[in-house]
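Survey of secondary and tertiary structure
Listed below are the residues making up each chain.
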Amino acid sequence: SVAIVVGAMWLVGVAGCAGLAGGTGPAPATITGGPGKATPRSSDEELDRLQRAAFAYLWEQRDSRTGLVYNTTEVHAPASPTAAGVALTAIPIGIERGWVNREEGYQRAVMLLRSLHKIEHVHGFVYHFLDRASGRRTWQSEVSCIDSAILFAGAMVAAQYFPGTEVDRLANRLIDRAEWLWFL
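This section reports on the structure supplied with the text. Treat the numbers as computed from the prediction; the structure is a model and nothing was measured.

Criteria and cut-off values
- Residues numbered from 1 in each chain as written.
- Predicted model: local features only at pLDDT ≥ 70, side-chain atom pairs only at ≥ 80, totals over all residues.
- Heavy atoms only, no water.
- Axes fitted to C-alpha atoms, helices over the stretch in contact; angles between N-to-C directions.
- Helix = DSSP H or I, 4+ residues; strand = E, 2+ residues; numbered from the N terminus.
- Parallel < 35°, antiparallel > 145°, perpendicular 65-115°, else oblique.
- Left-handed = near helix turned anticlockwise from the far one by under 90°.
- Contact = heavy atoms within 4.5 Å.
- Salt bridge = Lys/Arg side-chain N within 4 Å of Asp/Glu carboxyl O.
- Buried < 20%, exposed > 50% of the residue type's maximum accessible area, 1.4 Å probe, protein only.
- Expected span 1.5 Å × (residues − 1).
- Polar contact = N/O pair within 3.5 Å; in protein donor to acceptor, adjacent residues only side chain to side chain.
- Core = buried A, V, L, I, M, F, W, Y, C linked by side-chain atoms within 4.5 Å.
- Bend = angle between axes of the 7 residues up to and from the residue.

Next up on the list: the packing of helix H5 (residues 145-161) against helix H6 (residues 166-176). Remark: H5 packs on H6, axes separated minimally by 8 Å, with the N-to-C direction vectors making an angle of 155°. One way to sum up the angle between H5 and H6 is to call them roughly antiparallel. Once H5 is placed against H6, the crossing between them reads as left-handed. Listed contacts from H6 to Leu-151, Phe-152, Ala-155, Met-156, Ala-158 and Ala-159 of H5 are Val-167, Asp-168, Ala-171, Asn-172, Leu-174 and Ile-175.

So, on to the pattern of salt bridges. Tallying each qualifying case throughout the model produces five salt bridges. Arg-65 is the salt-bridge partner of Asp-63, the closest N and O atoms lying 3.3 Å from each other. Residue class for Arg-65 comes out exposed when judged on its relative accessible area of 60%. Between Arg-136 and Glu-120 there is a salt bridge, with its nearest N and O atoms 3.6 Å apart. Here the residue Arg-136 occupies a position in the loop between strand S4 (125-126) and H5, and Glu-120 occupies one in the loop between helix H4 (102-116) and strand S3 (121-122), the gap between them amounting to 16 residues. Here Arg-136 falls in the partly exposed class, since its relative accessible area comes to 49%. Look at Glu-120 and you get partly exposed, because its relative accessible area is 22%.

Moving on: H5. With 17 residues, H5 should cover 24 Å at 1.5 Å per step; its first-to-last C-alpha distance of 24 Å lies within 8% of that length. At its buried positions, H5 is contacted by helix H3 (81-97), H4, S4, H6 and helix H7 (180-183). N-capping of H5 is provided by Ser-144, with a side-chain oxygen placed 3.3 Å from the backbone N of Ile-146.

This brings us to the nonpolar core. Soluble, globular proteins show a tendency: their nonpolar side chains are buried together. By size, the foremost hydrophobic cluster in this structure holds 41 residues, and its most contacted members are Leu-88, Leu-113, Leu-116, Leu-151, Phe-162 and Val-167. Those elements giving two or more residues to this core turn out to be helix H2 (43-60), H3, H4, S4, H5 and H6. At eight residues, the largest contribution of residues to this core is made by H3.

Moving on, we come to H3. With 17 residues, H3 extends 24 Å between its outermost C-alpha atoms, agreeing within 8% with the 24 Å of an ideal straight helix rising 1.5 Å per residue. At Ala-90, H3 is deflected by roughly 25°, the largest bend along its length, and proline Pro-92 occurs up to four residues later in sequence. Counting buried residues in H3 gives 13 out of 17 residues, a clear majority hidden from the surface. Of the residues that open H3, the one with a side-chain oxygen 3.2 Å from the backbone nitrogen of Thr-82 is Ser-80. Residue Gly-98 follows H3 closely and has a positive phi angle near 85°.

Written out as structure tokens, the structure is:
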């Protein structure tokens, strides 16, 4: 689920920061090479594997027309604004790590942000679950300030990474439509 992916990305970020700050980072992991055969894997290799897997989920598990990211890999899973926000954060990471090129990342961010402008919302705040093709509320889900905040945070990251572009304009319009006083 998205919670697992977000948790994994947080863990990866914390582990990566520990390594950058001079900490030891996570303990070495092992890869099982078959019954009774374990091959040690370095912390850096494990961190890279986790980051790449988290990025791949956010890049691949989406509606091909809207770019809305699925909440889980289950068949017919709804889209998640939280996953969209995390995906908007992951796009610059994927570009910087060389997993996608800048143009691919830019086009994906544009597609996703254009779709996010069409999703059903209430005073700019998003529902917890969305139909992956139409962007309409699904599963009788609630308007969520948490999902909205994670989406807005991802939009801010994308806007900062692609300044002065359509991504920047779409991201800021998405954030600006939120009527904060209404939510209070």
